[in-house]
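The residues making up each chain are set out below.
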Amino acid sequence: MEQTLLEYKCPSCGGALHFESDTQMMKCPYCEAEIETEALRQMDEMLDDDIPEEITWDNTAGTDWNGEDGQLRTYSCQSCGGQIVTDATTAATQCPYCGNNVVMAGNLAGTLRPDIVIPFQLDKEAAVEAYKKHLKGKILLPKNFKDENHIQEIKGVYVPVWLFDADTKSAFTYRATRVRTWSDSRYIYTRTSHYHIVRKGDLGFADVPVDGSAKMDDALMESLEPFDMSKAVDFQTAYLAGFFADKYDVSAEDSVTRANDRIKNTTEATFAATVLGYTSVIPTSAKVGLTRGQTRYALCPVWLMTTKYNGEDHLFAMNGQTGKFVGNLPVHMPAAIGWWAGLTAAVGVVSYLISMLF
């Protein structure tokens, strides 16, 4: 049994609509008609229906294959009839045959429906420019890694994110020293003063993000922060048209530990920053209590590109709202060896000249 697909068609020519980040409207690439996302809100009403998340496989080919233990889903494109095969967490994609933008309504229904979405503010061209800027000036980067073909692999993805609100009541103690040194004509004196420092207070946290996708590296998502949640809007599937999207496969309950760690680490760093003017500071105790825990489900915009070099994956990402770009680059080893050899030789020459002068 196939799940329900949502497809946005242009009322003028029937073309597939997609969301434009610069105008924040739906646009037809054929007749260039522009439509407010609010006008498509009625299509989202079906997401409030009780659409079952699981499907029953109809294996008529005489085999007992069930899609890699049920992790694959099949859909029929309403434009061309082509079969779309995705994993179980895909919420928006494109038909590989006609390029039509489709939204898997079943993966956004009921408790799977996001509360808010941050629409893409930057388009693919901005991501391409950020990628080029990221590579610029990297003298140890292999030349063939800069192949323009990699740039076309950039995809816009809405990443599922849990947002946590909490208040903290905290108490910290520190052992600190302050060292003073002076001298006279005969002696050098050192006086070390010891202090017991106490800090107490309350902090409030809002919209602490935790990545809800097992496929997305948590450290990568955190490096793309911050996302400006004040620019988030109520969820509409129209914002997904033309992009890829996943539903969460890491639940809010399974994300609590990471959220707590982020809140506690930030609290500890905030209080430690108030202990100033000492020669040394050593934390001796820390108590952080969390209350008023609340959670929301959001989709955040990310431009992603994965490429291989020498058998290794290299992932690049850009915050689709702010333009912050991150990624790991390969190193051309012959160039690196030559660079280090040149640096070592230069240091040796400088050291020799200094020794001759003194």
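Structure: above.
Here we summarise the structure given alongside this text. (Residues numbered from 1 in each chain as written. Predicted model: local features only at pLDDT ≥ 70, side-chain atom pairs only at ≥ 80, totals over all residues. Heavy atoms only, no water.)

Our focus in this paragraph is helix H4 (residues 252-272). Taking 1.5 Å of rise per residue, 21 residues should cover 30 Å, and H4 covers 30 Å from first to last C-alpha, within 8% of that figure. Along H4, the positions that sit buried rather than exposed are Ala252, Ser255, Ala259, Arg262, Ile263, Thr267 and Phe271. (Helix = DSSP H or I, 4+ residues; strand = E, 2+ residues; numbered from the N terminus. Expected span 1.5 Å × (residues − 1). Buried < 20%, exposed > 50% of the residue type's maximum accessible area, 1.4 Å probe, protein only.)

To continue, consider the side chain of histidine 134. Assignment of secondary structure puts histidine 134 in helix H2 (residues 124-135). Overall, the relative accessible area of 17% leaves histidine 134 in the buried class. Here the side chain of histidine 134 touches glycine 327 through a polar contact of 3.4 Å, landing on its backbone oxygen. Other than its neighbours up to four places away in sequence, histidine 134 contacts Phe316, Phe325, Gly327 and Leu329. (Polar contact = N/O pair within 3.5 Å; in protein donor to acceptor, adjacent residues only side chain to side chain. Contact = heavy atoms within 4.5 Å.)

Moving on, we come to the sheet that holds strand E4 (residues 34-35). What holds strands together in a sheet is hydrogen bonding between their backbones, with the strands either parallel or antiparallel. Strands sit in the order E2-E3-E4 across an open sheet of three strands; the sheet is antiparallel. Strand pairing shows two members of the sheet lacking a second neighbour, strand E2 (18-20) and E4, which therefore form its edges. (Pairing = 2+ DSSP bridges.)

Here we take up the pairing of strand E10 (residues 155-183). Where E10 meets strand E13 (residues 244-246), two bridges bridge the pair, whose relative direction is parallel. Residue pairing across strands places tyrosine 158 opposite alanine 245, the latter belonging to E13. The pairing of E10 with strand E11 (residues 188-211) spans 22 bridges and is antiparallel. Paired with valine 161 across the bridge in E11 is aspartate 211. Here E10 hands over to E11 after four residues, the two strands then running antiparallel side by side.

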